[in-house]
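Architecture and fold: a report
For reference, the chains in residue letters:
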Amino acid sequence: MINLFDVMKKLSEEELKEQGALLETLTMTNLSKQTSQKVAHKLVKATNLFAGLMKKEPFQTPEVLTIEERLEQNKQKWQAYAREEAERSLKELLKVRCSKLDLSRVEEALSEEAFSILILEEAGERYDLKEELLPSQKADFIAKFYQREIKEIRKELEKQKSEDKEDKEKDKEKDVEDTNSNEEVQEEAKEGQQGEEEISEIKCLMQLGLGRNKLIRALFARWITLCVQACGGQMTVKEEALPSFQPPRERIQREHDYQELLRQHQRNEAEYEKVLHSLLEADQNLSMKNKVIDHEEKKQLEIQAHIEKLIEERKALNERIEATRQDLSHRANKEEANELEQIEMQRLTKEVKMKEKQMNTYESMLAISAEEVEGATRSIELINMNKEECIAPLLKKVADRRAITSKQLEEEEEKRQKDLVEKWQLAYKDFIFDEECLKSIQDFAPYELLDIERALLELHTVQDKKALSWGEIERKEYELFEIEPDGQSLEHMYLSLYGGEIIVLIYKVQEEINKVKIIKVLKV
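What counts as what
- Residues numbered from 1 in each chain as written.
- Predicted model: local features only at pLDDT ≥ 70, side-chain atom pairs only at ≥ 80, totals over all residues.
- Heavy atoms only, no water.
- Patch = residues over 30% accessible without salt bridge, like charges linked within 9 Å, V, L, I, M, F, W, Y side chains within 5 Å.
- Areas by Shrake-Rupley, 256 points an atom, 1.4 Å probe, with all protein chains shown as cover.
- Salt bridge = Lys/Arg side-chain N within 4 Å of Asp/Glu carboxyl O.
- Lys, Arg positive; Asp, Glu negative; His and termini not counted.
- Charge placed at Lys NZ, Arg CZ, Asp CG, Glu CD.
- Helix = DSSP H or I, 4+ residues; strand = E, 2+ residues; numbered from the N terminus.
- Buried < 20%, exposed > 50% of the residue type's maximum accessible area, 1.4 Å probe, protein only.
- Core = buried A, V, L, I, M, F, W, Y, C linked by side-chain atoms within 4.5 Å.
- Contact = heavy atoms within 4.5 Å.
- Pairing = 2+ DSSP bridges.
- Polar contact = N/O pair within 3.5 Å; in protein donor to acceptor, adjacent residues only side chain to side chain.
- Phe/Tyr/Trp six-rings, centres within 6.5 Å; stacked < 30°, edge-to-face > 60°.

Moving on: a negative patch on the surface. Together, Glu156, Glu163, Asp164, Glu166, Asp167 and Glu169 make up a region of like negative charge exposed at the surface. Summarising the element assignment, Glu163 is placed in helix α7 (residues 135-170). In this structure Glu163 comes out as partly exposed when scored by relative accessible area, which is 35%.

Have a look at this one:
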């Protein structure tokens, strides 16, 4: 609940009227008056002392009205108010004191919820609270910090009072020399009697620091603390009241089972990827071996062509040898013919041997290539056998395991979403949840989901749905939030998750049908 004025109705009349009297009394103007009156009082007494010596008529000593006395007067005034008048007067005082409220621009339409949020923001600045906290969370933190402050200050004042008492006991035997001194002693005695009383919250408030904003924020914090106490000590919605709440043991067991299923699926996924990688690796090796065979076969054709060409060339050389012999045998000069035959035969025979040597080289290359092809063929056979007998069956096995856990996960997530939708439809009857919103919710952990539900419940319970909004989303933010700009006016609010992360909740107020459409919830 963030309407502090509704909660105010739970306060006792005494608490209500005391808060009103405090807001009216503890102002910088009144504090300044007390200081100036004390100074004037001492100046008049000093003047009268001098006047007495000069035998002149003394001045009237001005009365010093302490803050406590002013407070008492205002308390009596507020006690005369009826309950409704006290509530109305307190609300008006809060408007005057709230620096975040521009009185010159206050509209009649300002809701009590929107005003409550301004007061919470004002008081929250005293404790540097995160802006992303929900109003109810701010109220709880403010109450906690305020009570802690008062407790620490009271402890310090009690310590100081004890020390002052010891000092005064040591000075009891001091002689009083003149009337002025007697008056001061009487005043100190009076203060001493007051010091014997329990240190009041008002005195503690006075120690929280002067300055208009500091004092007002402290008084706002006090009023918020009273409201929080009137709500049983906590305004933040308890986990037990949230739709997705489960008893700790049940929640832990369900989450443990889900996480175990998720881990098992991840293991199955990793194993499947590993086997699939082996299959892909085998296919890559097959492709490589087939390329080797294609290359070698192409190479063999080229070698064979070279060999055939060499055979033709050798044949041509042999024919030339025979023709040369026939030609020289018909010459008359046998001696010359023999000499020419020997020279020509040596040259041609040398060429033939060279061709045969080249042929031998190519035949060796052909043999090596054939061995490469044979080795690649054997490798292909082994790879195919490994694929068929080992990899393929194993891949089917791990794929089946992966499919089982994948289906189980899908069923569990569908069940969770179905349960969530049913719970949300029951808890937030005035809300319409966009399909995109329900999908995005799956990305949040259970403890984060509770924080989101707390924000949704707070939004659901307020009358002024725009009171919680940080404003309409600007066009440039549509791309950031991955929203299609269809001309709709969207509100957004930020909230802080338990782990410190910030999320944004985007919604549309459909006033014509009195509904709120939740568009999206995402981390930023």
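This next bit is on the nonpolar core. The tendency in soluble globular proteins is for nonpolar side chains to be buried as a group. In this structure, Leu94, Ile119, Trp223 and Ile224 are the most contacted members of the largest nonpolar core, which totals 51 residues. Put simply, the parts of the chain that give this core at least two residues each are α1 (4-7), α2 (13-25), α4 (67-79), α5 (83-97), α6 (112-124), α7, α9 (201-206) and α10 (212-230). The greatest single-element share of this core, amounting to 11 residues, is contributed by α10. Sequence-distant contacts of Ile119, defined by excluding residues within four places in its chain, comprise Leu4, Phe5, Leu94, Phe220, Trp223 and Ile224. Of all hydrophobic cores here, the second largest spans 35 residues; its members include Ala114, Phe433, Leu449 and Leu456.

Next up on the list: the pairing of strand β4 (residues 515-523). Here strand β1 (residues 431-433) pairs with β4 via three bridges, running parallel. Of the residues in β4, the one forming a bridge with Ile432 is Lys517. Relative to β4, strand β3 (residues 502-510) runs antiparallel, the two sharing eight bridges. What sits directly across from Leu505, in β4, is Val521. With antiparallel pairing between neighbouring strands as the criterion, β3 and β4 make up a hairpin whose turn holds four residues, including Asn514 at a positive phi of roughly 55 degrees.

As for its placement among the helices and strands, Thr236 is situated in the loop between α10 and α11 (248-329). The buried category is assigned to Thr236, whose relative accessible area is 12%. Polar contacts involving the side chain of Thr236 include one to the main-chain carbonyl oxygen of Ser136, which spans 3.4 Å. Of the polar contacts made by the side chain of Thr236, one reaches the side chain of Asp140; its length is 2.5 Å. Those residues in contact with Thr236, other than ones at most four positions away along the chain, are Ser136, Gln137, Asp140 and Arg454.

This part covers the packing of aromatic side chains. Within the structure shown, the criterion is met by 11 aromatic pairs. With a centroid separation of 5.5 Å and an interplanar angle of 40 degrees, the aromatic rings of Tyr127 and Phe145 are classed as tilted. Residue Tyr127 is found in the loop between α6 and α7, and its partner Phe145 is found in helix α7; the two are separated by 18 residues along the sequence. Relative to Phe433, the ring of Trp424 has its centre 4.9 Å away and its plane inclined at 40 degrees; by these criteria the two rings are tilted. Taken individually, Trp424 and Phe433 each receive the classification buried, so the pair is uniform in this respect.

The next subject is unusual backbone geometry. Residue Asp128 is not a glycine yet carries a positive backbone phi of 55 degrees. Here Asn514, not a glycine, exhibits a phi torsion of approximately 55 degrees, which is positive. Relative to the helices and strands, Asn514 is located in the loop between β3 and β4. In this structure Asn514 comes out as exposed when scored by relative accessible area, which is 59%.

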